[in-house]
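This is what each chain is made of:
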Amino acid sequence: MNKVLKGILSTSIYILVILILTYCAVTFLGQRTEVIGSSMEPTLSDGDNLIVDKITYRTRDPQRFEIVVFPYQYSKETFYIKRIIGLPGERIYIDDEGQIYINGELLEEDYGKEVIEDAGLAATEIELGENEYFVMGDNRNDSADSRFVSVGNVDGDHIIGRAWLRIYPFDRFGILKHQ
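Right, let's walk through the structure included here. Residue numbers restart at each chain and count upward from 1, following the sequence in its written direction. Given that this is a predicted model, residues contribute local features only at a pLDDT of at least 70 and side-chain atom pairs are listed and counted only at 80 or more, while totals for whole chains, interfaces and linings are drawn from all residues. Water and hydrogen atoms were dropped before computing side-chain values, which therefore reflect all heavy atoms in the structure.

### Remarks on the sheet that holds strand 5 (residues 91-94)
- Criterion used throughout: strands pair if DSSP finds at least two bridges between them. Only runs of H or I of at least four residues qualify as helices and only runs of E of at least two qualify as strands under DSSP, and these elements are numbered from the N terminus. Read from one edge to the other, the open sheet built from 4 strands follows the order 7-6-5-8, with strand pairing classed as antiparallel. Of all the strands in the sheet, the pair left with one neighbour each is strand 7 (105-106) and strand 8 (126-127).

### Quick look at the nonpolar core
- Put simply, buried Ala, Val, Leu, Ile, Met, Phe, Trp, Tyr and Cys residues joined by side-chain atoms within 4.5 Å make one nonpolar core. Relative accessibility thresholds used throughout: buried, under 20% of the residue-type maximum; exposed, over 50%; partly exposed, between the two (1.4 Å probe, protein chains only). Core analysis: the largest hydrophobic core is formed by 15 residues, its most contacted members being Ile85, Ile94, Ile100, Phe134 and Met136.
- Listing elements by their share of this core, those giving two or more residues are strand 5, strand 6 (100-102) and strand 9 (132-136).
- The contact definition used throughout considers only heavy atoms, calling two residues in contact when any of these lie within 4.5 Å. In this structure, isoleucine 100 is in contact with Ile85, Ile92, Tyr93, Ile94, Glu105, Leu106, Leu107, Glu109, Ile116, Met136 and Arg140, ignoring residues within four places of it in sequence.
- Grouped together as the second largest cluster of nonpolar side chains are 12 residues, Tyr57, Tyr72, Ile84 and Tyr133 included.

### Focus: the pattern of salt bridges
- Definition used for salt bridges: Asp or Glu carboxyl oxygen within 4 Å of a side-chain nitrogen of Lys or Arg. A complete count under the given rule lists 9 salt bridges for this structure.
- Residue aspartate 48 is joined to arginine 172 by a salt bridge in which the shortest nitrogen-to-oxygen separation is 3.7 Å. One end of the pair, aspartate 48, is in the loop between strand 1 (30-34) and strand 2 (49-53); the other, arginine 172, is in the loop between strand 11 (161-168) and strand 12 (174-175), with 124 residues separating them in the sequence.
- Arginine 91 serves as the salt-bridge partner of glutamate 125, at 3.2 Å between the closest nitrogen and oxygen. Within this pair, whereas glutamate 125 is found in the loop between strand 7 and strand 8, its partner arginine 91 is found in strand 5, the two being separated by 34 residues in sequence.
- The class for glutamate 125 is partly exposed, based on a relative accessible area of 46%.
- The class of arginine 91 is partly exposed, set by a relative accessible area of 30%.
- By sharing partners, the salt bridges in this structure join Asp48, Arg166 and Arg172 into a single network.

Listed below in structure tokens is the structure:
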């Protein structure tokens, strides 16, 4: 009986330690998230499973072109995955030809899948606050992003982390390109 109790206690402690370590890893280090929709095509596809790095932004600020994960402002259970285009304090403008300007200079980038048809709020210059980011999906004409009131500028404190590793589908496994 004594050996049985020791075995049960030992196994219980082992399971408890594993659960605590798992909780800490998911809460503080990284988490798995799934891409839903096509707003980040061709970089990320519907059904892709990612690991989100939650550590990097504790030591530095998000950078332009990094893919970030943040909660949708109207539902904390819904997470958006978008690319950072504008940084705090910058002015963003999208002209009639779908070209993005940062502080009056044309943004050189090739992440957008196609020419932007709807500049949304950025049809007039947007000035970002001290901790605000302007984000867009790579599939610019099929993305709810900072151009629209439903998403708007993203507060840096709401960014959960940066999409770091695609773990599924297996044939596309690998570290994500940010720059």
